[in-house]
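Observations on the model geometry
Below are the chains, spelled out letter by letter.
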Amino acid sequence: MKTRKRVEALSDFLPQIRKDMIRAAHAAGRVLMRYYSMSLNVREKKGAGLVTEADLAAEKSVMNILAKARPDFLFLSEETNPHGQPGFSRGRWVIDPLDGTTNFVHRFPMFCVSIGAEWDGQIVAGVIYHPVLKDLYVATLGGGAFLNGKRMQVSTTEKLRNSLLTTGFSYRKQEWLHAEMTSFERLSRTARAIRRPGSAALDLAYTARGVFDGFWESKLSPWDVAAGGLLVREAGGQVTNFKGVPFHIEQQNILATNGLLHEELRGIVK
């Protein structure tokens, strides 16, 4: 009952939030494409990958639009507010202005803008924009998931041996690489194939659209999964942590599948 009240309280302004997020994602995508062919200044964040001026410029464009659209919302964003803003608000934007920075730096075209809208601690809207392909993924809580305006549905693959899976590895290689490679090896023996594109947000988007049958990864941040997790759920999939607990963005591991493979896959990655 509590969840229903929260959704109903959003009904008057959730459509406008969705429009604002799409506008912000497109603006950030244009920024990224301007930088895509440039020589970049790249620095490394300890244990957290790369950052460039493209990340910062895209984040600024997103925040400028969303701050004007909803001045009552706070920000949790990878570059400027990685620990969140102080204060209290029922609403919060969860932003990754460039998911797949390493890909971007090396001109591998798997990167995106990811924006989630959180209300009373629950992600209620998500937008992922893949500017190279001009693919726009949009989901709202209870409203379904869409790719370029067309409703998405997760795959119908029933057996792990017939599945195409996707994953990612932590930047903290000394701590986690052995465990991650163990799961990778086990699933490589079982699944049809595994891909590692390098963008968790796009991994989730491609799971929602039925390209991948499942995705797992550890040590992610809220901005990596806020929008994508909602996309998978609204496309009919299942999203938990490795223990099978319904997923929340503060959890550090995620398992997202078409639902049919979930327990079989979880039994291996847990």
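Right above here is the structure, for reference.
Throughout what follows, the structure given in this document is the object of discussion. (Residues numbered from 1 in each chain as written. Predicted model: local features only at pLDDT ≥ 70, side-chain atom pairs only at ≥ 80, totals over all residues. Heavy atoms only, no water.)

1. Regarding the overall build of the protein
In terms of helices and strands, the protein carries eight helices and 14 strands. Computed over C-alpha atoms, the radius of gyration of the protein comes to 18 Å, within 12% of the 18 Å expected from 2.2 N^0.38 for 270 residues, which places it in the range of a compact globule. C-alpha extents for the protein along the principal axes are approximately 50 × 50 × 35 Å. A total of 270 residues make up the protein; the buried ones form 56% of that total. On the protein, roughly 12600 Å² of surface is accessible, and the fraction owed to carbon and sulfur atoms is 51%. With 36 positive and 27 negative side-chain charges, the protein shows a separation of 2 Å between the mean positions of the two kinds. (Helix = DSSP H or I, 4+ residues; strand = E, 2+ residues; numbered from the N terminus. Rg over C-alpha atoms; globule rule 2.2 N^0.38 Å. Buried < 20%, exposed > 50% of the residue type's maximum accessible area, 1.4 Å probe, protein only. Areas by Shrake-Rupley, 256 points an atom, 1.4 Å probe, with all protein chains shown as cover. Lys, Arg positive; Asp, Glu negative; His and termini not counted. Charge placed at Lys NZ, Arg CZ, Asp CG, Glu CD.)

2. Things to note about the nonpolar core
Within soluble globular proteins, side chains that are nonpolar generally end up buried alongside one another. Residues Trp93, Phe104 and Ile115 are the most contacted members of the largest nonpolar core, which totals 38 residues. Listed by contribution, the elements that provide at least two residues to this core are helix 2 (14–36), helix 3 (53–69), strand 4 (91–99), strand 5 (112–119), strand 6 (122–130) and strand 7 (135–140). Ranked by the residues each element gives to this core, the list is headed by helix 2, at 12 residues. If near-sequence neighbours (up to four positions away) are discounted, Ile115 is found in contact with Met21, Ala24, Ala25, Val62, Leu66, Trp93, Val94, Ile95, Ala125, Gly126, Val127 and Ala227. Core analysis: the second largest hydrophobic core is formed by 35 residues, Ile128, Ala205, Ala227 and Ala235 among them. (Core = buried A, V, L, I, M, F, W, Y, C linked by side-chain atoms within 4.5 Å. Contact = heavy atoms within 4.5 Å.)

3. Quick look at helix 7 (residues 222–234)
Its 13 residues give helix 7 an end-to-end C-alpha distance of 18 Å, which sits within 8% of 18 Å, the value for a rise of 1.5 Å per residue. Along helix 7, the largest kink reaches about 25 degrees and is centred on Gly228. Looking only at helix 7, the buried set comprises Pro222, Trp223, Asp224, Val225, Ala226, Ala227, Gly228, Gly229, Leu230, Leu231, Val232 and Glu234. (Expected span 1.5 Å × (residues − 1). Bend = angle between axes of the 7 residues up to and from the residue.)

4. Topic: the packing of aromatic side chains
Within the structure shown, the criterion is met by nine aromatic pairs. Judged by centre distance (6.5 Å) and plane angle (45 degrees), the ring pair of Tyr137 and Tyr206 falls under tilted. With Tyr137 in strand 7 and Tyr206 in helix 6 (residues 200–208), this residue pair connects regions lying 69 residues apart in the sequence. Residue Tyr206 is classed as buried on the basis of its relative accessible area, which comes to 14%. Here the aromatic rings of Tyr206 and Phe212 are separated by 6.1 Å at their centres, their planes lie at 40 degrees, and the arrangement is tilted. With respect to class, Tyr206 is no different from Phe212; both count as buried. Note that Arg70 overlies the ring of Phe13, its terminal NZ or CZ placed 4.5 Å from the centroid. In this structure, Arg209 packs its charged tip against the face of Tyr206, placed 4.8 Å from the ring centre. (Phe/Tyr/Trp six-rings, centres within 6.5 Å; stacked < 30°, edge-to-face > 60°. Lys NZ or Arg CZ within 6 Å of the ring centre and 35° of its normal.)

5. Concerning the side chain of Thr140
Inspection of the secondary structure assignment puts Thr140 in strand 7. With sequence-adjacent residues up to four places away left out, Thr140 is seen in contact with Leu14, Arg18, Val124, Ala125, Leu230 and Glu234.

6. Some points on the sheet that holds strand 10 (residues 164–167)
Read from one edge of the open sheet, five strands run 11-10-12-14-13, paired in mixed fashion. Here the strands that pair on one side only, and so sit at the sheet edges, are strand 11 (193–195) and strand 13 (238–240). On average, each strand axis in the sheet is tilted by 15 degrees relative to the strand beside it, whichever way the strands run. In this structure, strand 12 (residues 214–218) lies alongside strand 14 (residues 253–257), joined through five bridges in antiparallel fashion. Bridged to Ser218 within strand 14 is Asn253. Against the sheet, helix 6 contacts strand 10, strand 12 and strand 14, and its axis sits at roughly 155 degrees relative to strand 12. (Pairing = 2+ DSSP bridges. Axes fitted to C-alpha atoms, helices over the stretch in contact; angles between N-to-C directions.)

7. A closer look at unusual backbone geometry
Most peptide bonds adopt trans geometry, and most residues besides glycine take a negative phi value. One non-glycine residue, Arg107, lies in positive phi territory at about 65 degrees. Residue position: Arg107 is located in the loop between helix 4 (101–105) and strand 5. Accessibility expressed as a relative area gives 32% for Arg107, which makes it partly exposed. Unusually for a residue other than glycine, Lys134 sits at a positive phi of about 60 degrees. Within the secondary structure, Lys134 is located in the loop between strand 6 and strand 7.

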